[in-house]
Amino acid sequence: MKKIGLIGLGRMGYNLALNMLDKNIEVVAYDKFLTDEVKNNKALKTYPSIKELVSHLPMPRIIWLMVPAGEITDNVLNEVATLVDKQDIIIDGGNSNYNDTLRRNEMLKKQQINFVDCGTSGGTEGARYGASLMVGGDESVVKSIEWLFEAIATKNGYGYMGKTGSGHFVKMVHNGIEYGMMQAIGEGFELLEKSDFSFNYEDVSRVWAHGSIIQGLLMDTAYSALKKDNRLDSILGKVDDSGEGQWTLEAALKYKASVPVIAQSLFARYKSRDEDHFSEKVVAAMRYEFGGHKVYKKQ
């Protein structure tokens, strides 16, 4: 039986672990905070430290990181690098910036440690039952562990993207596209809401999610949400982002690629967090100044 070390048992990491276990891959894992569900899962062996986890893996070791991008990934990677040996393989399955991936690869290459970047998509459901995996790294290294990617990916959902950094670059662009698609769906419902018609949004999203040209996972998620709350009255219209849209826009500027839809969708997310809508205040003030147009005062 193949054996994998997994660091990070959050929503994505834990579901990936369950997916691996289903495929007869032995998983030994570590997370600083273990949920009761993880603690009660007897099939998943966890250790109280990264050092202990590493010591229980056969060589060459395969260690999959599923932790938040940025400083946390750096900290975990730096610790792992002090514990593994030459030719061991570290996989970063998180949403890391591809520039960080290139930097980390240079660091690990000096220690002759193999580094693979794996863009992971499909949400928690995909992680559990079949993910979409975009993998970059030295081709011979990736080929040596293709059995892992093929085991946990959905059918036709794994691909070798190319040299180190390419996996995370493709995932970044994927997420930028996702921003634009989600914004278009949201704007479509906005127009429905402001029309003279009275729509049941559960019905609209159900029809759009089944057989229409715009059906797909994102529309499925809209349908799922609207089934629970037909007018979404329980949530605020503030939209967070985890960085990939910004990174995509930065890459587009670097390579002089025109991505207006992705750019606008990112700006729309920023705007959604501004309850006072300061830009609209400025526009309203200018209209009043040059034309005496009406402005709405706070009560």
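Residues numbered from 1 in each chain as written. Predicted model: local features only at pLDDT ≥ 70, side-chain atom pairs only at ≥ 80, totals over all residues. Heavy atoms only, no water.

Q: Would you take a moment to explain unusual backbone geometry for this structure?
A: Phi is mostly negative for residues that are not glycine, and the peptide bonds are mostly trans. Look at the link from Met59 to Pro60: it is a cis peptide, with omega at -5°. On the secondary structure map, Pro60 appears in the loop between α3 (50-55) and β4 (62-65). Within the chain, Gln87 stands out as a residue other than glycine whose phi angle is a positive 75°. One can find Gln87 in the loop between α4 (71-81) and β5 (89-92). Unusually for a residue other than glycine, Gln112 sits at a positive phi of about 60°. (Helix = DSSP H or I, 4+ residues; strand = E, 2+ residues; numbered from the N terminus.)

Q: Would you take a moment to explain the sheet that holds strand β6 (residues 114-121) for this structure?
A: Hydrogen bonds between backbone groups are what pair the strands of a sheet, and the pairing can be parallel or antiparallel. The mixed open sheet is built from eight strands, whose spatial order is β3-β2-β1-β4-β5-β6-β7-β8. Looking along the sheet, the strands with just one partner apiece sit at the ends: β3 (45-46) and β8 (153-162). Bridge count between strand β7 (residues 131-136) and β8: five bridges; the pairing is parallel. The residue bridging Met134 from the neighbouring strand is Gly159, located in β8. Packed on one face of the sheet, helix α5 (residues 98-110) meets β5 and β6 and runs near 155° to β6. The strands touched by helix α9 (residues 166-194) are β5, β6, β7 and β8; relative to β6, the strand with the most contacts, the crossing angle is about 20°. (Pairing = 2+ DSSP bridges. Contact = heavy atoms within 4.5 Å. Axes fitted to C-alpha atoms, helices over the stretch in contact; angles between N-to-C directions.)

Q: Just checking my understanding: could you explain the packing of α4 against α5 for this structure?
A: The description of two helices packed together rests on the angle between their axes and the distance between the axes. Interaxial distance between α4 and α5 falls to 11 Å at its minimum, and their mutual angle equals 10°. With respect to their mutual orientation, α4 and α5 come out roughly parallel. For the crossing formed where α4 meets α5, the hand is right-handed. Residue-level inspection shows Thr73, Asp74, Leu77, Asn78 and Ala81 of α4 in contact with α5, the latter providing Arg103, Arg104, Met107 and Leu108. Residue composition of the contact of α4 with α5, by class: four nonpolar, two polar and three charged. (Parallel < 35°, antiparallel > 145°, perpendicular 65-115°, else oblique. Left-handed = near helix turned anticlockwise from the far one by under 90°. Nonpolar A, V, L, I, M, F, W, Y, C, P; charged D, E, K, R; others polar.)

Q: Looking at this structure, I do not really get the environment of Ile4. What am I missing?
A: Among the structural elements, Ile4 can be located in strand β1 (residues 3-7). A relative accessible area of 0% places Ile4 in the buried class. Once residues lying within four places of it in the same chain are set aside, the contact partners of Ile4 are Met20, Ile25, Glu26, Val27, Val28, Leu57, Ile62, Trp64, Trp147 and Leu148. (Buried < 20%, exposed > 50% of the residue type's maximum accessible area, 1.4 Å probe, protein only.)

Q: Teacher, can you tell me more about the pairing of β1 here?
A: Consecutive side chains of a regular strand alternate in pointing toward one face of the sheet and then the other. Of all five residues in β1, four are buried; the element is thus mostly enclosed. Two strands pair when backbone bridges link them, and β1 and strand β2 (residues 26-30) are joined in this way by five bridges, in the parallel orientation. Directly across from Ile4, in β2, lies its bridge partner Val27. Crossover handedness for the path β1 to helix α1 (residues 11-22) to β2: right-handed. Sheet topology note: the β1/β4 ladder contains three bridges and is parallel. Bridge pairing in β4 places Leu6 opposite Trp64. (Right-handed = clockwise from strand over helix to strand, strands pointing away.)

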